[in-house]
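Here is how the chains run, residue by residue.
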Amino acid sequence: MELHQRIVSAPVDFGAIRSEFGLASDYPAEAVSNARDAVDAFAGTRVDRTEIEFVTIDPPSAMDLDQALHLERTSTGFTLHYAIADLGAVIVPGSALARESESRGQTFYLPDGTVPLHPTVLSEGTASLLPGVDRPAALWTIELDDTATPLAFSVTRALVRSRERFDYAQVQAAADAGALHPSLAALPEFGRLRIEAGLDRGAISLRLPSQDVVRDGDKWRLELEPRTAADDWNEQVSLLTGMCAARIMLEHKGTPLGLLRTMPSPPESAIASMRRTAAALDVDWPADMPVGRMLAGLDPNTPAALVLMSEATSLLRGASYTLLGELTDPAEDQLTHSAIGAPYAHVTAPLRRLADRFTTEICLAYCAGTEVPGWVTDGLAAAADTLRRTDSVAGKVDRACVDLTEATVLTPRVGTEFNALVLREANGSREAEIFVVDPPILARCTGKPPEGEHVSVRLVTADSASRTIEFAYPTD
């Protein structure tokens, strides 16, 4: 089944979604002025690491470049240098810029533009790790053995310079051609080893294609792109860094201080339901095999894989932010992110997410043996509350934008028959879930279409005002 499909829609107005969710349109003038005048508070104390040939990997249109990477294969393993934009050095505590970002919590992404965490003069300009310019960074250095297991890790303030920027497709093409940039030459081996280590920990990764709304001139299209191996390799760099950050905070002696990204273990009932689905689809799943390893062994382009990965989304629920010191004698499960299989902290995207500025500052202090700044200790709990709130809003905004575009695309096609794959059959509490191939849409469907089968369904409703669509499977 072809996963890359496109269809152009009529013009879509996302302004109503911005209004519905109270997304700020403009940044306050005083905060913009703070951003424009921002200077590096640690300019005189940074270690100069501009000799390291960093590169960045981001979506093609991104300008808010949080991370720059240099990975080296050594005689004993790997050395990873990972530079993260140092927002703690350029945002003055208590300033209008600090207050506004601490209210916004994160960048919101809509098809027609972003609602940024920071003014773009900072996030896409002076703090972004753009190529060819010196930038202040929190520089992670992680030494790993031949199995890509971390042996030592630390973070310090440094001056860095990125040499080139790549997108995921470019990295994948270069890897396929055996022509990766020297700073990325070890990434495929590193990525595969880290993925395998994750499966050994019980990590769960869903390689579902992402459904995106993309501008096409003055109109829009729905686009479905499968993940590349390069996406997975690069993700492992960020995951490893977040796991190291969590260990720094958890292993620090003294009063616990930190903020972890956590997710509870999936309920046994959900795994049992997946086992029944796998059996019905004739997917071999040995009793002693973890769910993450079973999913990793599937061909993601097959109907069975799409069905099982869609159902596996029910395993990855309840993600939140947990403050260290908030729990008395916490169990390991309360400090772990179950999809990663380990404790984990957000530290790699400070231009786009509030948590990372706070957690990075804690790790910098612990590694340097200095006191954590007062603005961090005083503001960490409020930051966690903001992140919990805005995470929920971000998910709803993403869904609303896709729903609106789907309804707009399909409005002239009510009554039309579509080919679809049944991802989940109906039960007593929910309708069936289907994947329509062209245009690429995930939707509910009335009737009782058989799970895992290709069927013909009819579009019965497409309403852009309510952002709803409905398909029906014939009952005869």
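Because the structure is predicted, anything quoted here is derived from the model rather than measured.

Asker: I would appreciate a short explanation of the pattern of salt bridges in the present structure.
Answerer: A side chain of one charge can pair with a side chain of the opposite charge when the charged atoms of the two come close. For the structure shown, the criterion picks out 23 salt bridges. Its salt-bridge partner being Asp146, residue Arg73 comes within 2.9 Å of it at the nearest N-O pair. Here Arg73 is found in strand E4 (residues 67-73), whereas its partner Asp146 is found in the loop between strand E8 (134-145) and strand E9 (150-166), with 73 residues between them in sequence. For Arg73, a relative accessible area of 35% translates into the label partly exposed. Residue classification places Asp146 among the partly exposed residues on the basis of a relative accessible area of 41%. For Arg399, the salt bridge is made with Glu406, and the minimal N-O distance between the two is 3.6 Å.

Asker: I tried to follow the pairing of strand E12 (residues 259-262) on my own but got confused; where do I start?
Answerer: Side chains on a regular strand alternate between the two faces of the sheet. Covered by surrounding structure in E12 are Leu259 and Arg261 together with Leu260 and Thr262, the residues of both alternating faces. Note that E12 and strand E13 (residues 320-323) share 4 bridges and pair antiparallel. Note that in E13 the partner of Arg261 across the bridge is Tyr321.

Asker: Please clarify how helix H5 (residues 168-176) should be interpreted in this entry.
Answerer: Each α-helix turn comprises 3.6 residues. Residues three or four places apart therefore point the same way. Here H5 has its buried residues at Val171, Gln172 and Ala174. Buried positions in H5, seen along its axis, are confined to an arc of 165° and lie on one side of it. Facing away from the buried side of H5 by more than 90 degrees, the exposed set consists of Ala169 and Asp176. Where the residues of H5 are buried, they touch strand E3 (54-57), E9 and helix H7 (229-251).

Asker: In this structure, what is going on with the packing of H7 against helix H11 (residues 354-368)? I would like to understand it.
Answerer: Two numbers describe a pair of packed helices, the interaxial angle and the distance between the axes. Here H7 crosses H11 at 60°, and the two axes come no closer than 10 Å. Considered as vectors, H7 and H11 are oriented oblique to each other. As for the relative orientation of H7 and H11, their crossing is left-handed in sense. Of the residues in H11, those in contact with Ala245, Ile248 and Met249 of H7 are Thr359, Ile362, Cys363, Tyr366 and Cys367. Looking at the contact of H7 with H11 residue by residue, the class counts come to 7 nonpolar, 1 polar and no charged.

Asker: So what exactly am I meant to see when it comes to the domain arrangement of the protein here?
Answerer: One widely used convention gives an interface's size as the accessible area the parts lose upon coming together. Partitioning the protein into domains gives domain 1 (14-253 + 345-406) and domain 2 (414-472). Computed from C-alpha atoms alone, the centre-to-centre distance between domain 1 and domain 2 is 36 Å. Regarding the contact of domain 1 and domain 2, the summed buried area is about 810 Å², with carbon and sulfur atoms giving 61% of it. Contact with domain 2 buries area across many residues of domain 1, yet Leu224, Leu404 and Glu406 alone supply 48% of it, more than any other trio. Our count for the domain 1 to domain 2 interface comes out at 1 salt bridge. Across the pair Arg467 and Glu20 runs a salt bridge, and its minimum N-O distance is 3.0 Å. Examining the composition of the side of domain 1 that touches domain 2, we find that 4 residues originate from one element, helix H12 (residues 374-410), more than from any other.

The rules behind these values
What you see as residue numbers is a count from 1 along each chain, following the sequence as written. Under the rules for a predicted model, residues below a pLDDT of 70 receive no local features and side-chain atom pairs below 80 are neither given nor counted, while totals for whole chains, interfaces and linings still include all residues. Heavy atoms throughout the structure, all of them, feed into the side-chain values; hydrogens and water do not. By convention in these notes, a salt bridge is any Lys or Arg side-chain nitrogen within 4 Å of a carboxyl oxygen on Asp or Glu. Helix and strand definitions here come from DSSP, where helices need a minimum of 4 consecutive H or I residues and strands a minimum of 2 consecutive E residues; each element is numbered from the N-terminal end. Burial classification: accessible surface area is computed with a 1.4 Å probe over protein chains only, and a residue below 20% of its type maximum counts as buried, one above 50% as exposed, and the rest as partly exposed. Strands were regarded as paired on the criterion that DSSP finds at least two bridges between them. Within this analysis, the arc is defined by the directions that extend from the helix axis to the C-beta atoms. The contact definition used throughout considers only heavy atoms, calling two residues in contact when any of these lie within 4.5 Å. Axes here mean lines fitted to C-alpha atoms, for a helix over just the part in contact, with angles spanning 0 to 180 degrees between N-to-C directions. Any angle that is under 35 degrees is reported as roughly parallel, and any over 145 degrees as roughly antiparallel; angles of 65 to 115 degrees are reported as roughly perpendicular and all others as oblique. By convention, the crossing between two helices is left-handed when the near helix turns anticlockwise from the far helix through less than a right angle, and right-handed when the turn is clockwise. Residues were grouped as follows: Ala, Val, Leu, Ile, Met, Phe, Trp, Tyr, Cys and Pro as nonpolar; Asp, Glu, Lys and Arg as charged; and all remaining residues, including Gly, as polar. An automatic or database domain assignment is the source of the domain bounds shown. Here the buried area means the combined drop in accessible surface, using a 1.4 Å probe, for two parts upon being joined, counting both sides.

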